[in-house]
Amino acid sequence: MDARVDDIAPDLGWDLPLRLLSGLHYLVLGGEASWDDLDGALDRHADMLASWTAQQEVQTNEVQRSWALLPAFLSVSDGRPLDLLELGPSAGLNLVWDHYRYRYRTGGWGSGTLELTGDDRIPPPAELLARDVRVIRRRGVDLSPVDVTTERGSRLLQAFVWADQEERLERLRRAMEVVRRDPPQLMQGDYVDALPSLLRNRREGAQLIVFQTASTMYLDRSSSDRLRSALREAGREDALVFITTGRAPDDDGFALEVERFPDGSSERLAVFDFHGAWLDWGR
């Protein structure tokens, strides 16, 4: 290992490569460094990179997951307008899922400047894609929400994508443009603590859908129990659904499930790739 890297980031955690390279990518995106002169970047920006790797949390917001989530939203919709609440939304790219265009082997859905598609090995049924929905509110709560309407927020999200993944970067940039036109309400905080209050704040006549991807796996047992207790209690006032992901049984991708409250019944809807590259609907 380059001795300068050891000086910049002596804590050799599992995510050191991602944290260090994201710091370099952030500098490159701002025109302050070049991939063609990494030696110069490490020399000139050692202090910034040391601070970045020590303090900057990993921040990703994979919009491709909306391609797997869309059929789930359509399948649980009861005909009322949707009131969305995402737990751990980062920049909220998946909170504006209805502003994207989708393509599956069984048909398409929606309209927009960004089209999402993938390898639908088991596609959603065509009759599901014929459904229409209307979203009337979008809220999200995150420990460190990212505001992509700012230059720093935009650079931050891009920085945590590997610089050679050009297609993924272009998809991210186009999704950020969509968010800037209709920004969701993003709140900073611990969503387990905030959930009871957020669930009490409902839109009359709307269907409340709470959802998350990949964030609840970091909760301890106590926090997970508190989350479901809050959902169950709120569901007694007016039934709600929770669309959530967990590890698939064979550890290949995410299991996409819907939990209904207040009874807590659960149903698996699909299995999909961690980043949304493929989908097995109904598996």
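The preceding data block contains the structure.
Conventions we followed
Residues numbered from 1 in each chain as written. Predicted model: local features only at pLDDT ≥ 70, side-chain atom pairs only at ≥ 80, totals over all residues. Heavy atoms only, no water. Helix = DSSP H or I, 4+ residues; strand = E, 2+ residues; numbered from the N terminus. Buried < 20%, exposed > 50% of the residue type's maximum accessible area, 1.4 Å probe, protein only. Contact = heavy atoms within 4.5 Å. Salt bridge = Lys/Arg side-chain N within 4 Å of Asp/Glu carboxyl O. Patch = residues over 30% accessible without salt bridge, like charges linked within 9 Å, V, L, I, M, F, W, Y side chains within 5 Å. Areas by Shrake-Rupley, 256 points an atom, 1.4 Å probe, with all protein chains shown as cover. 1 Å grid on protein atoms, 1.4 Å probe; cavity = no way out; pocket = protein on both sides within 12 Å on 5 of 7 lines; lining within 4 Å. Points joined across faces, edges and corners; volume = space filled by probe spheres on them. Pairing = 2+ DSSP bridges. Axes fitted to C-alpha atoms, helices over the stretch in contact; angles between N-to-C directions.

Digging into the environment of Pro184
Then, in step 1: Along the chain, the position of Pro184 falls in the loop between helix H8 (166-181) and strand E7 (185-188).
Then, in step 2: For Pro184, a relative accessible area of 11% puts it in the buried group.
Then, in step 3: The sequence separation of Pro184 and Gly92 amounts to 92 residues, and the corresponding C-alpha distance is 6.6 Å.
Then, in step 4: Not counting chain neighbours up to four residues away, the residues in contact with Pro184 comprise Gly92, Leu95, Val96, Arg138 and Val179.

Looking at the pattern of salt bridges
Then, in step 1: Evaluation of the coordinates by the stated rule reveals 21 salt bridges.
Then, in step 2: Between Arg80 and Asp238 there is a salt bridge whose closest N-O contact spans 3.8 Å. Note that Arg80 is positioned in the loop between helix H5 (65-76) and strand E1 (82-87) and Asp238 in the loop between helix H10 (221-237) and strand E9 (240-247), a separation of 158 residues in sequence.
Then, in step 3: Since its relative accessible area comes to 28%, Arg80 is described here as partly exposed.
Then, in step 4: Through salt bridges with shared partners, a single network forms among Asp78, Arg80, Arg202 and Asp238.

Section: a nonpolar patch on the surface
Then, in step 1: Nonpolar side chains collect at one region of the surface, where Leu21, Trp35, Leu38 and Trp162 lie side by side and expose about 330 Å² of accessible area between them.
Then, in step 2: Among the secondary structure elements, Trp162 is positioned in the loop between helix H7 (151-159) and H8.

Structural notes on the side chain of Glu259
Then, in step 1: Relative to the assigned elements, Glu259 resides in strand E10 (residues 254-261).
Then, in step 2: The exposure class of Glu259 is buried, given its relative accessible area of 8%.
Then, in step 3: In this structure, Glu259 is in contact with Arg228, Leu240, Val241, Phe242, Thr244, Ser265 and Ser266, ignoring residues within four places of it in sequence.

Looking at empty space enclosed by the protein
Then, in step 1: In total, this model carries one cavity of 30 Å³ or more according to the counting rule given.
Then, in step 2: Of the voids in this model, the largest cavity is the one considered here, and its volume is about 80 Å³.
Then, in step 3: The wall of the largest cavity is formed by Gln59, Thr60, Asn61, Glu62, Val63, Leu157, Val161, Arg168, Arg171 and Leu172.
Then, in step 4: Considering every element that reaches the lining of the largest cavity, the biggest residue donor is H8, with three residues.

Details of H7
Then, in step 1: Among the nine residues that make up H7, seven are buried, leaving the element largely enclosed by the rest of the structure.
Then, in step 2: Within H7, the full set of buried residues consists of Gly153, Ser154, Arg155, Leu156, Leu157, Gln158 and Ala159.
Then, in step 3: Next to the buried residues of H7 lie helix H2 (16-29), helix H4 (46-55) and H8.

Description of the sheet that holds strand E3 (residues 107-109)
Then, in step 1: Taking strand neighbours across the sheet as the criterion, the three strands line up as E3-E2-E4 in an open arrangement whose pairing is mixed. With one partner strand each, in any of the chains shown, E3 and strand E4 (115-116) form the two edges of the open sheet.
Then, in step 2: As paired strands, strand E2 (residues 101-104) and E4 are joined by two bridges and run parallel to one another. Paired with Tyr102 across the strands is Leu116, a residue of E4.
Then, in step 3: Along the sheet, H5 contacts E2, E3 and E4; its crossing angle with E2, the most-contacted strand, is approximately 90°.

Overview of the pairing of E10
Then, in step 1: Burial of E10 is extensive: six of the eight residues sit out of reach of the surface.
Then, in step 2: Both E9 and E10 contribute to a ladder of eight bridges, which runs antiparallel. Of the residues in E10, the one forming a bridge with Gly246 is Ala255.
Then, in step 3: Linking two consecutive strands that pair antiparallel, namely E9 and E10, is a turn of six residues; a positive phi of about 65° is found at Asp251 within it.
Then, in step 4: Where E10 and strand E11 (residues 265-272) come together, seven bridges link them in antiparallel fashion. What sits directly across from Arg260, in E11, is Ser265.
Then, in step 5: In textbook terms, the turn of a hairpin is the stretch between consecutive antiparallel strands, and for E10 and E11 this stretch comprises three residues, one of which, Gly264, has a positive phi near 75°.

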